[in-house]
Number of protein chains: 4
Amino acid sequence: MKIFASDNNSGVHPRIFEAMRKAGEGRVQAYGDDEWTARADAAVKRLLGQNARSWFVFLGTAANVLGLQSMLKPWEAAICAASAHINTDECGAAEAVVGCKLLLTEGDNGKVCLDACRKMLWMRSDVHHVYPRVLSITQSTECGTVYGLEELRDIKEFCRENDLYLHVDGARITNAVAHLGISLAEFAEVSGADVISFGGTKNGLMFGEMVVFLNPELGRDFPRIRKQNMQLLSKMRFLSSQFVEYLDNGLWLENATWANNMAVLLRDRITPLDHVKLCFPVQSNAVFARLPRKAIDKLLQKYLFYIIDEADSPAYPAGWPMIRLMTSFNTSREEVEDLADAIAKAG
Amino acid sequence: MKIFASDNNSGVHPRIFEAMRKAGEGRVQAYGDDEWTARADAAVKRLLGQNARSWFVFLGTAANVLGLQSMLKPWEAAICAASAHINTDECGAAEAVVGCKLLLTEGDNGKVCLDACRKMLWMRSDVHHVYPRVLSITQSTECGTVYGLEELRDIKEFCRENDLYLHVDGARITNAVAHLGISLAEFAEVSGADVISFGGTKNGLMFGEMVVFLNPELGRDFPRIRKQNMQLLSKMRFLSSQFVEYLDNGLWLENATWANNMAVLLRDRITPLDHVKLCFPVQSNAVFARLPRKAIDKLLQKYLFYIIDEADSPAYPAGWPMIRLMTSFNTSREEVEDLADAIAKAG
Amino acid sequence: MKIFASDNNSGVHPRIFEAMRKAGEGRVQAYGDDEWTARADAAVKRLLGQNARSWFVFLGTAANVLGLQSMLKPWEAAICAASAHINTDECGAAEAVVGCKLLLTEGDNGKVCLDACRKMLWMRSDVHHVYPRVLSITQSTECGTVYGLEELRDIKEFCRENDLYLHVDGARITNAVAHLGISLAEFAEVSGADVISFGGTKNGLMFGEMVVFLNPELGRDFPRIRKQNMQLLSKMRFLSSQFVEYLDNGLWLENATWANNMAVLLRDRITPLDHVKLCFPVQSNAVFARLPRKAIDKLLQKYLFYIIDEADSPAYPAGWPMIRLMTSFNTSREEVEDLADAIAKAG
Amino acid sequence: MKIFASDNNSGVHPRIFEAMRKAGEGRVQAYGDDEWTARADAAVKRLLGQNARSWFVFLGTAANVLGLQSMLKPWEAAICAASAHINTDECGAAEAVVGCKLLLTEGDNGKVCLDACRKMLWMRSDVHHVYPRVLSITQSTECGTVYGLEELRDIKEFCRENDLYLHVDGARITNAVAHLGISLAEFAEVSGADVISFGGTKNGLMFGEMVVFLNPELGRDFPRIRKQNMQLLSKMRFLSSQFVEYLDNGLWLENATWANNMAVLLRDRITPLDHVKLCFPVQSNAVFARLPRKAIDKLLQKYLFYIIDEADSPAYPAGWPMIRLMTSFNTSREEVEDLADAIAKAG
């Protein structure tokens, strides 16, 4: 089976693995009192500003949930898109761990709708309702789209005006930044993000994400939050050394750019096909398309990918489910060409 | 100010108060080891079947949340209408206390939509999603409507087919049953409810609701759930004696019927008015209507009630917010006539 | 059966009941937007200082737990006596609701031991341990003893020096203040309490306690904490009117003084008996004593009270369990004399 | 600095690293649907019986807490030694995540005292107290001691008689089994363990522990518990492949035996010294000893280890704090000799 199901189906980038190997030599202090962890935090500061403070956790769900726990009390709420990972794919972790409510908006292309967000603020008037305190966006979104600079500026202004913290689920923030052609620091500045879940696993790491606090006040209790929520690795150097290699030597951008390019290549190859309809602009490393059920079944014999929506949509032909095809740092041009050919033939 | 804001603006029915006074004589064992509590549970069994087991809590939010806690683990979910009290008016208690997620459907008239519920069951296939385990309905609904017998049968069948527990937020179940003209036992049988939050406060009690388990298995841990969640009154007789009077002597039905009748009277009086548009069928003790903003402002000078929705709705004239007018067990015919006259004049 | 098991076996003081009756007239706004609630808070300010802010909850467990939730995050801890109600008698509510850990000390007479408390502060050095943030004392204690002024001054100094908040479980604070012969304001000043769980139920109310914030910063989120944790009574006037009567007219002190005096009378009567050994100084409304098992069994045929400790204690004869005898606001002199006679005869 | 602070200061065993490297080739399904995960579970079944079911988590705290969550509701409690890791070193995770209370016993040598456990069972009689449901033991203990077969049989009988589940914190279970000279299956059988937190990180893995359910009923919900609590690694093969190498080829026993032997060597070398007093029997890979403060200070200049208890103990000379010296799979004989020499000279 050839796998395009998710960017976490890929293994580890060889440079990452080599960095881990080197970090493993000798005996060092546990729990992050080691040189790799210090170097990784320094790398974050270089990329995101001297105010930034980073903490490592195992996975994206933890980065999101513990980021939210740093910003929210149980009687407060985060507003997010209905399609957000924190709402759909974390088995209710935000509710169970933080105790908070998620308030859902339905924008286009996996994005939040600020008008809808604004309408939720009436809840603040009254103790019977949770208090909206955080806006959480996903960059790039679960639809593979990317908030543009203008959209980010609007979000920043909206949050400042309404005293909302901004959380960014950045499981694929590197893909988004690569697409926008800006630096991480620019993203931080333009968006006004308070806390970023900064992904690594989906872009070549073995495991590991960071919670990056751009608002240092919010991060004050994070060390104990992380420990209590079972995210403090004892042999921390095996996590932080990955980020040292990832951040210090441009690997993050190189990998993300490649994955994005492969998605664009795939898009370009299948866009002309009559039996393929793209669903969202391709702005990161995912291609969403609707195809006839029959074509999908043919493809599933040789390729592994997810059917995202079995239901019909009024804007598309009936009987054409939506599928998702993901590329990653080590998807080869040949693999994409092969898939594109197969899609063409499945029509 | 004349108050039609909510049925909890009313005081206590004199018979209830007298029952409490009598129960207060002498020294008795605390925490429910007293005769009133035993008598109240016996009354519940007479009305809802010998399988029924009732536990007293202070208020409706507690009945709902602790009922849900008896049915749900944090990684499971309850499906409910977006307008449900557990979703909108309990300050996120279900999420904070149970840790569970609420999955929202949007039916008509404040009811759940079974088709939408069915579509949520795909989540069960995969650990990334919460597991839908409970369907929660509100009877009568937050729109003052009542699920009919046919609807309840469908709900029962849907729950049985899909291995869902049925929770009924019955803060106003007495109003619903009075409207349907059936007994409480019939309601239990037809709906197949597993757990009912059985209200009292809104229908003449001073405070107090019951969690009634019709599925005894689910109630096994309830005594400790109640204690741990701060709902075990030491001087319990002052709660249970209210229910003895309420249930044993038909007061629940008498009060609910009166409140319903006053809502119907109000509806009949204002339906013919050109500047009033009713929003939902009047099936319990609430009348929802849209009126011109100006008329509402005039009325607010002498009457207290809630504007439920400031926004325009396509089905109604622009600039006509939605208001809610509630009657209760001690709303007099004269008060309703007076309000109806005022509405007529405000046009 | 004649009941000396607990002060919550008593009913409601007639003046309290009458105040509730009056408050019940007419229709008023719900959830505390009423005159009684405003008057009750004003009464608290008169008694405890203009900085004090009071919130009503249903019962003592809620006052304790929600007071702690206002002071603690889940990774922080409260230090308390092992015998404290929050540790032994609230079914783990602090752990379940706040998520925090309780750190136990073992002082004499149900009191905390400051030396032991000091030794716990090393935990602050390291994320592997919870962070001690609160000291919680019970006044009067679960042994019926009262912290004296000198002890309270030491506690205040200890908390200030070590940046600990002071929580007072004051389920019986009125009995303690009556014993000390000081005003409530003096108690607040001398102890430096940040938050007091201020009891009512055990001293003549039907139900209801207050969380009193003397440190206003800590109380900022309390309204939503209370709502989310199911402690916001809709018909609030029936709770606050009790406190108006209780606080405005000296009833709290009158009742507490009476209950204390009855305990002293009992103590005086049974102290000379050879088959009775008192366990703690009698400083509030409880008498703890050890008697031969046989004597206890005889008494239990006509009197209801608790055996607190079946086990032998080295300081007392073997086979003499410890019992607790409690008086309350309406324990009569005759009842005490009758009990004392029975104890004498049981020897 | 030469490090004897903890067994998690060591890096990764080369065979483990090589197994991870091989597992990293190619693209595979995420979240455990891969061959290494299947092989690892098969290995567990071979070692612990066909009933055993294993789930991988990142670290020991997670294995403990989520194991407890599988056994406990928030109103239930686990009994454990006061020195247990779940009580002292997990930043209150059990309380925060499970919501449960830990009930503490104080046995000798870091073990539970069954007599003290038995005395806690009275709590079951009454809703005011948490319900003891689990006994949690640590094998080997935090004092480096090991429950013997007779002790384990007593524990099994005690749990069966009293309807308690048995949880084993086995962060160092391999060291214990190596010491006892029995198989893992024998340990499971003799102890009657329901759930084992099975450690790997401290014995040569990079990261990763297992929750092993020997009572399959208890594990039914574990997949969602793990996901919701942020312990489901997407690139699971990098965790499970470690366990394949660890379990299939005897590496677990080889490493543990070596570490134990190095501790015994150290013990043998320092026991004769007048300025060293051993504190506990050396039965795994830790040596606890008391030395004069001055000797400790000298050693700390060249060696890293923890002072476990600064306070004096009546059984030892004053001014002799307790230190802990830990060996691991890659502690060399020369390192131990060097340390022993240094200790000898520090006297």
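Further up the page is the structure itself.
First, a word on scope: everything that follows refers to the structure included in this document. It should be emphasised that the depicted structure is a prediction, and the values quoted were computed from it without experimental measurement.

For the rest of this paragraph, the subject is the relation of the copies chain C and chain B. Each copy superposes on the other: chain C lies on chain B with an RMSD of 0.0 Å after a rotation of 180 degrees and an axial shift of 0.0 Å. What the rotation and shift describe, once combined, is the action of a two-fold rotation axis. Among all C-alpha atoms of chain C, that of C:Val97 lies closest to the rotation axis, at 3.6 Å. Most of the interface of chain C is mirrored in chain B: 100% of its interface residues are interface residues there too.

Before going further, it helps to spend a moment on the environment of B:Val127. By the element assignment, B:Val127 lies in the loop between helix 6 (114-120) and strand 5 (131-138). With sequence-adjacent residues up to four places away left out, B:Val127 is seen in contact with A:Cys91, D:Pro223, D:Arg224, D:Lys227 and D:Leu232.

Many descriptions give the size of an interface as the accessible area lost when the pieces come together. On the chain B side, the residues contacting the 52 residues of chain C number 52 residues. Between chain C and chain B lies a buried interface of about 4,200 Å² when both sides are counted; carbon and sulfur atoms form 60% of it. For the pair chain C and chain B, the interface holds two salt bridges. As a salt-bridge pair, C:Glu335 and B:Arg27 come within 3.1 Å of each other at their nearest N and O atoms. For the side of chain C that touches chain B, the elements supplying multiple residues, two or more each, are helix 1 (14-23), helix 3 (60-71), helix 5 (93-98), helix 10 (222-228) and helix 11 (237-248) of chain C. Sorting elements by how many residues they give to the side of chain C that touches chain B places helix 3 of chain C first, with four residues. The residue inventory of the side of chain C that touches chain B, partitioned by class, reads 24 nonpolar, 18 polar and ten charged.

Within the secondary structure, A:Thr88 is located in helix 4 (residues 85-88). Judged by relative accessible area, A:Thr88 falls into the partly exposed class, the value being 26%. As for A:Thr88 and A:Gly26, which are separated by 62 residues in sequence, their C-alpha atoms are 42 Å apart. Sequence-distant contacts of A:Thr88, defined by excluding residues within four places in its chain, comprise A:Ala82, A:Ser83, B:His128 and B:His129. A polar atom in the side chain of A:Thr88 sits 2.7 Å from the side chain of A:Asp89.

What follows deals with the pairing of strand 2 (residues 53-57) of chain A. Each regular strand shows side chains that alternate between the opposite faces of the sheet. All names here are of chain A. Counting buried positions along strand 2 gives four out of five residues, so the element sits mostly inside the fold. Inspection of the sheet shows strand 2 paired to strand 8 (residues 209-213) by five bridges, in the antiparallel sense. By the bridge assignment for strand 8, Phe56 is matched with Met210.

Mapping chain D onto chain C is achieved by rotating through 180 degrees and translating by 0.0 Å along the same axis, at an RMSD of 0.0 Å. When the interface residues of chain D are mapped onto chain C, 100% of them again fall at the interface, so both copies present the same face.

Here we take up helix 8 (residues 173-180) of chain A. Quick reminder: α-helices carry 3.6 residues per turn. Residues three or four places apart thus point the same way. Residue and element names in this part refer to chain A. Listing the buried residues of helix 8 in full gives Ile173, Thr174, Asn175, Ala176 and Val177. Where helix 8 is buried, its residues touch strand 6 (165-170), helix 9 (184-191), strand 7 (195-198), helix 11 (237-248) and helix 12 (251-270). In the segment just after helix 8, Gly181 is the residue with positive phi, at about 70 degrees.

Let us look at the pattern of salt bridges. Oppositely charged side chains are able to pair whenever their charged atoms sit close together. Under the definition given, this model contains 100 salt bridges over all chains. A salt bridge links B:Arg15 to B:Glu245; the nearest nitrogen and oxygen atoms lie 2.9 Å apart. Within this pair, whereas B:Arg15 is found in helix 1 (residues 14-23), its partner B:Glu245 is found in helix 11 (residues 237-248), the two being separated by 230 residues in sequence. Measuring nitrogen to oxygen at the nearest pair gives 3.5 Å for the salt bridge that ties D:Asp309 to D:Arg290.

So, about the interface of chain D and chain C. Each side of the interface is counted separately: chain D has 18 residues, and chain C has 18 residues. It is D:Cys91, D:Glu95 and D:Lys101 in chain D that bury the most area against chain C; as a group they hold 40% of the surface buried on that side. Joining chain D to chain C, the criterion identifies two salt bridges. Scanning the region where chain D abuts chain C turns up twelve residue pairs in polar contact (both at pLDDT 80 or more). When residues of the side of chain D that touches chain C are traced back to their parent elements, those giving at least two are helix 4 (85-88), helix 5 (93-98) and strand 4 (101-105) of chain D. Classifying every residue of the side of chain D that touches chain C gives eight nonpolar, six polar and four charged.

Reading the values: the criteria
Residues numbered from 1 in each chain as written. Chains lettered and ligands numbered in written order. Predicted model: local features only at pLDDT ≥ 70, side-chain atom pairs only at ≥ 80, totals over all residues. Heavy atoms only, no water. Least-squares fit on C-alpha atoms with pLDDT ≥ 70 in both. Contact = heavy atoms within 4.5 Å. Helix = DSSP H or I, 4+ residues; strand = E, 2+ residues; numbered from the N terminus. Buried area = accessible area lost by both parts, 1.4 Å probe. Salt bridge = Lys/Arg side-chain N within 4 Å of Asp/Glu carboxyl O. Nonpolar A, V, L, I, M, F, W, Y, C, P; charged D, E, K, R; others polar. Buried < 20%, exposed > 50% of the residue type's maximum accessible area, 1.4 Å probe, protein only. Polar contact = N/O pair within 3.5 Å; in protein donor to acceptor, adjacent residues only side chain to side chain. Pairing = 2+ DSSP bridges.

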